Amino acid sequence: MATRVQGGTAPVAVEAVELIRVRLPLVAPFRTSFGTETRRDVLLVHVLAGDSEGWGECVAMQEPLYSSEYVDAAQRVITEHLLPRLLTGDTHKAVSAGAIASVLEPIKGHRMAKAALEAAWLDAELRRDGQSFAARLGAVRDRVPSGVSVGIMASIPDLLDAVSGYLDNGYMRIKLKIEPGWDVEPVRAVRERFGADLLLQVDANTAYTLDDAQHLARLDEFGLLLIEQPLPEEQILAHAKLAGQVRTPICLDESIVSALVAEEAIEMGACAIVNIKPGRVGGYLEAVRIHDVCAERSIPVWCGGMLETGVGRAANVALAALPNFTLPGDTSASDRYFAEDITPPFVLGADGCLPVPQGPGIGVEVLRDVVDSLATSTQLVRAGA
Ligand code: NPG
């Protein structure tokens, strides 16, 4: 399977890279245990390569609250440390998307920044070759079931209204954000109101400690699919200990930053399920490796979300079409986040699924006039400069 991600496409000759920042208001504030997002300040990477072009989206947020990365730092590391390694010297005519991770390996961390570059390079190669992301990554479905992530609300009636609206829209599973003080009662209320058949899971974004194990075990009675990232990112062993004290399957998100970490976490018994976010792990090719590591160990995976525009969403939906993505992802329709997207919107089908783009590259058109109307800055970096 390794050949699927490592082999692949011949490099495109990149002439320049545009870094465009666009600001999109969210349709509603999104509150998690680490903060409230009201807008997305997205960094887009636009690769210009002769007859081809490619787009990538950096998922780093405005502030380093989800992880240590944030968008200003991502742009800075891209211009000062990553692009110079891809665009100057001997390498600049020869780097294929499949080689980017190893060329950038000397730079520690900054996975969201690296992922955005790799995605843009891959898109340019695939557009040139007329191949879709889905085909390149190994997709086996043309529609993927869609879940929705529901933020922390001011009250339980507000939460029930929000969940009810999403179920009316057709979402196939609900994820509730939780934190200490907003956990057992909201979960109970949603379970009681919408019944035992609702696919329901929770996400703590690292808000608990191992001392909370008995409290978290109170969630067991609600038949949740999983509890996502209850403990801090570095505490993989503590997750394994927690798994011995709760019946609800543990899913890791923030902790899983590479295929190697995934392998070790699984071996330690720290997770029974893995959330895969390409930005968090350094790119779509590493995401496929994690998919494979998990598949070999019978660990189901699902595709996480970082409030992406249509650019990131298109590629996420392609990834979510791989065989071991057996749980619905945070791959919601565009209107769950934005009134206006920068691609034609992803629309939830009557079957609760999103279509997997089949066109070359990410398979969706980037609406340049919308991008320009939302842009707050543009920086052009030329190859060989
Ligand atoms: O559907 O894109 C989406 C959002 C899904 O809950 C979601 N994302 O922790 O997984 C998360 C969370 C998140 C939101 C993370 C904002 C970082 C910033």
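Right above here is the structure, for reference.
Conventions and cut-offs
- Residues numbered from 1 in each chain as written.
- Predicted model: local features only at pLDDT ≥ 70, side-chain atom pairs only at ≥ 80, totals over all residues.
- Heavy atoms only, no water.
- Near = heavy atom within 4 Å.
- Polar contact = N/O pair within 3.5 Å; in protein donor to acceptor, adjacent residues only side chain to side chain.
- Areas by Shrake-Rupley, 256 points an atom, 1.4 Å probe, with all protein chains shown as cover.
- 1 Å grid on protein atoms, 1.4 Å probe; cavity = no way out; pocket = protein on both sides within 12 Å on 5 of 7 lines; lining within 4 Å.
- Sits in = over half its atoms within 2 Å of the grid points.
- Nonpolar A, V, L, I, M, F, W, Y, C, P; charged D, E, K, R; others polar.
- Domains from an automatic or database assignment.
- Helix = DSSP H or I, 4+ residues; strand = E, 2+ residues; numbered from the N terminus.
- Buried < 20%, exposed > 50% of the residue type's maximum accessible area, 1.4 Å probe, protein only.
- Contact = heavy atoms within 4.5 Å.
- Expected span 1.5 Å × (residues − 1).
- Points joined across faces, edges and corners; volume = space filled by probe spheres on them.

Draft legend 1. Seen up close, the site of the ligand. Taken together, 17 residues lie near the ligand, and Ser-149, Asn-205, Lys-277, Leu-307 and Tyr-337 sit nearest. In this structure, an oxygen atom belonging to the ligand sits 3.5 Å away from a side-chain N or O atom of Lys-175. A distance of 3.3 Å is found between an oxygen atom of the ligand and a backbone nitrogen or oxygen belonging to Met-306. For the ligand, the accessible surface in isolation is 430 Å², of which the surrounding protein chains cover 100%. Because more than half of its atoms lie within 2 Å of the grid, the ligand is assigned to the largest cavity. Of the residues that constitute the shell around the ligand, the class distribution is seven nonpolar, three polar and seven charged. Of the residues that make up the shell around the ligand, three or more belong to each of domain 1 (16–130 + 367–382) and domain 2 (135–355).

Draft legend 2. Molecular detail of the environment of Leu-200. With respect to the element layout, Leu-200 can be found in strand β7 (residues 200–203). Taking relative accessible area as the criterion, Leu-200 reaches 0% and is therefore assigned buried. Measuring from C-alpha to C-alpha, the distance between Leu-200 and Ile-174 comes to 5.0 Å, with 26 residues separating the pair along the chain. Setting aside anything within four residues of it in sequence, one finds Leu-200 in contact with Ile-174, Leu-176, Val-187, Val-190, Arg-191, Leu-224, Leu-225 and Leu-226.

Draft legend 3. The arrangement of helix α12 (residues 284–296) in detail. Here α12 is 13 residues long and its end C-alpha atoms lie 18 Å apart, about the 18 Å a rise of 1.5 Å per residue gives. Taken across its 13 residues, α12 has ten buried, putting it largely inside the fold. Turning to α12, its buried residues number three or more, namely Tyr-284, Leu-285, Glu-286, Ala-287, Val-288, Ile-290, His-291, Asp-292, Val-293 and Cys-294. A positive phi of about 55° marks Ser-298, the residue just after α12.

Draft legend 4. Structural context of the environment of Trp-121. Summarising the element assignment, Trp-121 is placed in helix α4 (residues 111–129). Distance from Trp-121 to Leu-65, taken between C-alpha atoms, is 28 Å for residues 56 residues apart in sequence. The residues contacting Trp-121, other than those within four sequence positions of it, are Val-14, Val-17, Val-47, Leu-83, Leu-86, Leu-87, Val-95, Ala-97 and Ile-100.

Draft legend 5. Just empty space enclosed by the protein, in detail. Inspection of the entire model under this criterion finds three cavities of 30 Å³ or more. A volume near 230 Å³ is recorded for the largest cavity. Lining the largest cavity are 20 residues; nearest its centre among them are Phe-30, Lys-177, Gly-305, Met-306 and Leu-307. Going through the elements one at a time, β1 (16–32) and β6 (173–177) are the ones with two or more residues in the lining of the largest cavity. Among the residues making up the lining of the largest cavity, the classes are represented as seven nonpolar, five polar and eight charged. Of the domains in this structure, domain 1 (16–130 + 367–382) and domain 2 (135–355) are the two that each give at least three residues to the lining of the largest cavity. Computed from the structure, the second largest cavity encloses a volume of approximately 140 Å³. Along the walls of the second largest cavity sit 19 residues, with Glu-57, Val-59, Ala-119, Tyr-284 and Gly-312 positioned nearest its centre. Every element with two or more residues in the lining of the second largest cavity is listed here: β3 (52–58), α4, α11 (278–281) and α13 (310–319). Broken down by class, the residue content of the lining of the second largest cavity amounts to 13 nonpolar, four polar and two charged.

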